[in-house]
Each structure stands twice: as structure tokens, then as C-alpha cells.
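# Per-entry structural report
Here is how the chains run, residue by residue.
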Amino acid sequence: MKTVQLQRQKDKEWQYLSENVSLKSPLVLVFGNRYLLEDAAIYEEVRSLFPDGHLIFGSSSGEIVAGAVNDEHITITAIEFEKTRFEVQTTSIIEAHNDSEQAGRTVVDKLSKEGLKHIFVISEGSSVNGSALTKGMQEAVPEVLITGGLCGDDARFERTLASYNQQPKEGEIIVIGFYGETFEASFSIYGGWTPFGPERLITKSEGNVLYEIDGKPALDLYKRYLGDKAAELPGSALIYPLNVKSQENEQSFVRTILNIDEEQNAMILAGDVPEKATVQLMMTNMDNIAIASETAASRAMEGRKTPPELALLISCIGRKLVLDQRVEEEVEEVMSVIGNDTTIAGMYSYGEIAPFYGEQSCKLHNQTMTITLISE
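Residues numbered from 1 in each chain as written. Predicted model: local features only at pLDDT ≥ 70, side-chain atom pairs only at ≥ 80, totals over all residues. Heavy atoms only, no water.

### Notes on the overall build of the protein
The line we're drawing: Numbering goes from the N terminus for both helices and strands, where a helix is a DSSP run of H or I of at least four residues and a strand is a run of E of at least two. Only C-alpha atoms enter the radius of gyration; for comparison, a globular chain is expected to reach 2.2 Å times N to the power 0.38, where N is the number of residues. When a residue's accessible area, from a 1.4 Å probe over protein chains only, is under 20% of the maximum for its type it is buried; when over 50% it is exposed; and in between it is partly exposed. Only heavy atoms matter for contacts: two residues are in contact if any of them lie within 4.5 Å across the pair. Using the Shrake-Rupley algorithm and a 1.4 Å probe, accessible areas are obtained, with residue cover drawn only from the displayed protein chains. The charge count includes Lys and Arg as positive and Asp and Glu as negative, but it does not include His or the ends of the chains. By convention, the point assigned to a charge is CZ for Arg, NZ for Lys, CD for Glu and CG for Asp.
Broken down by element type, the protein carries 8 helices and 26 strands. Against the 2.2 N^0.38 benchmark of 21 Å for 376 residues, the protein shows a C-alpha radius of gyration of 19 Å, consistent with a compact globule. Across its three principal directions, the C-alpha atoms of the protein cover 60 × 45 × 40 Å. Sorting the 376 residues of the protein into buried and exposed places 57% on the buried side. At a minimum sequence separation of 6, the contacts of the protein that also span at least 24 residues come to 79%. About 15100 Å² of surface is accessible on the protein, with carbon and sulfur atoms providing 44% of the total. Each charge sign in the protein was given a centre, from 33 positive and 57 negative side chains, and these centres are 2 Å apart.

Structure, rendered in C-alpha cells:
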């Protein structure tokens, strides 16, 4: 495996973070600030750098590259695989008539199934229901490990962009299938958030829209908890996500609020919240988040046959807001476990995709550090 990494800020030149070596037909992951990706010239600019590359774009809430965390940058990680074949397929949530489960099933069905070892997902994060998306994808290939994340837009929640071999646009869902006898992928997730306060019952919900808790309007109740911070919704909700326990899942899961509906007194979440599930508010601190990232890295290293060559890190925007000026600490904790010889790339997202630790079927998560380690 050969990798090249570079970055640039607005109105500045590209800066190489690694040796500028020639790559043949590389997989090129381009994560960046949404405003910068909207530049009409960006696609041709990246294409000129990698004429025969497979270019995958995703807007982020911060870019992780070479051990650093950037804002208002575009970062590129280009990978030439020497023993691994990969295939890229796309679909649009718009073309799927906003049916996220069908979109997930459709895009994975496009991949060649013979020898498929792993799927990495870069999905738009504004319109998709991540729970339904992961359900559709996993049903299409129940035995294949799927990891990845939902694109971000800092804390604006306006729109997200993604694309494959074209100008970044809204609505795109991209999957990368990996094939090869020597290909190895491992993963882990960990959050570091703690539930607090009373458990309450979800009495009315539909998919990822939460209408009532304990028979009362969900948004009203949530605003009461936030106090003065309610005026900053939906951004302030990233600091106080919801811990959800349902009868269908043995493990509880975390949900963040992507938007609010004042007219319906409802909250739109990143994934499904079933009726009759219980919810609690959650909180954390800087040290807990950093320790959680170290735990995720240690678990991802368990049982590996070969040292990782590439680490893809998808962490939640809510974690970044809590860490603030110490945001690079969680990346440093990962590096302390996996070593400095591993190429690190990734982004802060609106949702992370991976199975629970020790499981096979992928789920949507919020407020986690999700790590995918790859070697060939």
C-alpha cells in the first residue's frame, strides 16, 4: 500500500503532508469544509492532481489527517493498493424518494459480491435516516463488515455534500467494496458519554422523528432541560445527546438531534427512536472522550493478523465541540495505540456506521469514535 496526503486552506496552495510519490489508479478520499467543496473548480483541481484516481468527496465537520484536526480545509488521502481490488458504487437519497432503507439496499446490491471482504460508506448526512440506511445495506450483504459515516456541515446543519468522480453535490451515498485474499479490516467504536437524570418513555415517534416523551411534546421537554441553551438549538443539542434503550436492541445506543420542528414540537434525530423505548440525557467531559478513543483503538487492534497500514477515523461533531481546543487529543490517543507508521485519515461527522463491539451487523451511532483499520 502506498499513500499520499495533502491539504490546503482557502486561497492557498496545496501542502503535501507526505512524500509526493506517483500512484497508479488510487482511491482518493477528499474530506473538506462544505463551503470549500462548493467551489465550482474543486473537482477539476483534484482531478488534475490525480488524473487516473477514483475521487470520493465528502463534506465534514472537521478533517482528520496525519494526526491533526483541521477546520476550513480540504484534505486528501490517496491510496494505491498493491494486492487489493476495490469497487465504488453510488446512489442518491433523492432518486430513492427519501427511502433510506431502499437506498442502502440498492447501492450495496450494485457491488460485485464474489470475494467482497469489506464495505466502507460515505453518505450524505442531511436527509438520510442512518438507521434505515444501515439496515438496508446489511440486509443486502449480511455476512460482510460495513463501516463508515455520514457527512457533516460543521454545526450549521444546513446541507452536506458527497460525490464520486464528479462535483460534490447533495443526496449522494457512496460505498467502497474491498476485495482480496490478503485484505484485512478490523474496527471498533467507543463513546465515553454517561447517562444522567430520569429515564423517560418515548410515547410517540415515527422513524427518526421524536414527537412525545412521557405523553408530552418532546421538544418542550428537551428545551426545559437545556434552559438558556435552548435558544442555540439544534447546535446546542450536540452537547446533550439521548441514550436510547429499546426492547429490540440488547445494547443501548446514542442519538443526536439533527434538527427541530417548532411547528410539530418535535425533534429530528440522526437515526430511528422506537416507541416504548426509554431515553435519558447524556453528558461527558474532555478526559472521558480522549480515554474512549484510546479504548476504541485498542479494541480495533485486537486479533489483527497484520499491522494496520491505514486508519480511517470517523468521530462525531458533538465530541469535537466538547473537546474544543483539545480536539487533537483523541487522535493522539488513537496514534499512541496503533503506532506512527499507520496513515491516518478521516472526518468529524453527523453519524458513525459500524457494528457494536463484538457484533457483525452494522448500526448507526452518534457521539462515538469509530475506527476502521486496513491492511493488505
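What follows picks up the thread again.
### A short note on the sheet that holds strand 25 (residues 362-365)
Heads up, the condition is: Paired strands, as defined in this entry, are two strands with at least two bridges between them according to DSSP. Structural elements are reduced to axes, namely lines fitted to C-alpha atoms, with helices fitted over the stretch in contact, and the angle between N-to-C directions of any two is expressed from 0 to 180 degrees.
Ordered in space as 8-12-9-10-24-25, the 6 strands form an open sheet in which the pairing is mixed. The open sheet terminates on both sides in strands that have one partner only, identified here as strand 8 (85-92) and strand 25. Looking at each pair of strands side by side, their axes are set apart by 15 degrees on average, direction ignored. Bridge analysis of strand 9 (residues 116-123) against strand 10 (residues 145-150) gives 6 bridges, and the strand direction is parallel.

### What about the pattern of salt bridges?
Threshold: Whenever Lys or Arg places a side-chain nitrogen within 4 Å of a carboxyl oxygen from Asp or Glu, that contact is recorded as a salt bridge.
Per the stated rule, a full pass over the model turns up 21 salt bridges. Ionic pairing is found between E139 and R105, a salt bridge with its closest N-O pair at 2.8 Å. Of this pair, E139 sits in helix 4 (residues 130-140) while R105 is found in helix 3 (residues 100-109), placing the two residues 34 residues apart along the sequence. The partly exposed category is assigned to E139, whose relative accessible area is 43%. Accessibility expressed as a relative area gives 22% for R105, which makes it partly exposed. The network of salt bridges with common partners includes R34, E38, D153, D154, R156, E158, R159 and E170.

### Overview of the side chain of N33
Along the chain, N33 turns up in the loop between strand 3 (27-32) and helix 1 (34-37). Setting aside residues no more than four positions away along its own chain, N33 makes contact with S60, E63, E72, H73, D154 and R156.

### Some details on the packing of helix 3 against helix 4
Stated formally: Take the far helix as your reference; a near helix turned counterclockwise from it by less than a right angle gives a left-handed crossing, and one turned clockwise gives a right-handed crossing. In this classification, the charged set is Asp, Glu, Lys and Arg, the nonpolar set is Ala, Val, Leu, Ile, Met, Phe, Trp, Tyr, Cys and Pro, and all remaining amino acids, among them Gly, are polar.
For the pair helix 3 and helix 4, interaxial distance at closest approach is 6 Å and the crossing angle is 35 degrees. Classified by chirality, the crossing of helix 4 by helix 3 is right-handed. Together, S100, E101, G104, R105, V108 and D109 of helix 3 and A132, L133, K135, G136, M137, E139 and A140 of helix 4 make up the contact between the two elements. Here the residues of the contact of helix 3 with helix 4 sort into 5 nonpolar, 3 polar and 5 charged.

### A short note on the state of the cysteines
Joining two cysteines, a disulfide is a covalent bond between their sulfur atoms. Convention followed: We call a pair of cysteine sulfur atoms a disulfide whenever their separation is within 2.5 Å.
All chains considered together, the criterion is met by 0 disulfides. Counting only cysteine sulfurs, C151 is the nearest neighbor of C362, a cysteine outside any disulfide, at a range of 16 Å. The exposure class assigned to C362 is buried, which follows from its relative accessible area of 3%.

### A closer look at the environment of G180
Locating G180 in the fold gives a position in the loop between strand 12 (172-179) and strand 13 (184-190). C-alpha of G180 to C-alpha of F86: the two residues are 94 residues apart in sequence and 8.7 Å apart in space. Apart from residues lying up to four places away in sequence, G180 is in contact with K83, G115 and K117.

### Examining the sheet that holds strand 3
With respect to topology, 6 strands assemble into an open sheet ordered 2-1-7-3-4-11, the strand pairing being mixed. Strands at the two margins of the open sheet, each flanked by one partner only, are strand 2 (15-16) and strand 11 (162-164). Sheet topology places strand 1 (residues 2-9) next to strand 2; 2 bridges connect them, and they run antiparallel. What sits directly across from Q7, in strand 2, is Q15.

### Quick look at unusual backbone geometry
Of the consecutive residues L233 and P234, the connecting peptide bond is found in the cis state with omega at 5 degrees. Even without being a glycine, E72 presents a positive backbone phi close to 55 degrees. The phi dihedral of D214 falls on the positive side, at around 55 degrees, and the residue is not glycine. Checked against the element boundaries, D214 lands in the loop between strand 15 (209-213) and strand 16 (216-217).

### Comments concerning the nonpolar core
Stated precisely, the cut-off is as follows: Residues belong to a common nonpolar core when they are buried Ala, Val, Leu, Ile, Met, Phe, Trp, Tyr or Cys residues joined through side-chain atoms within 4.5 Å.
Formed by 29 residues in total, the largest nonpolar core has its most connected members in I119, M137, I146, V175 and I353. Formed by 27 residues, the second largest nonpolar core is a distinct cluster that contains F253, I257, M267 and A354.

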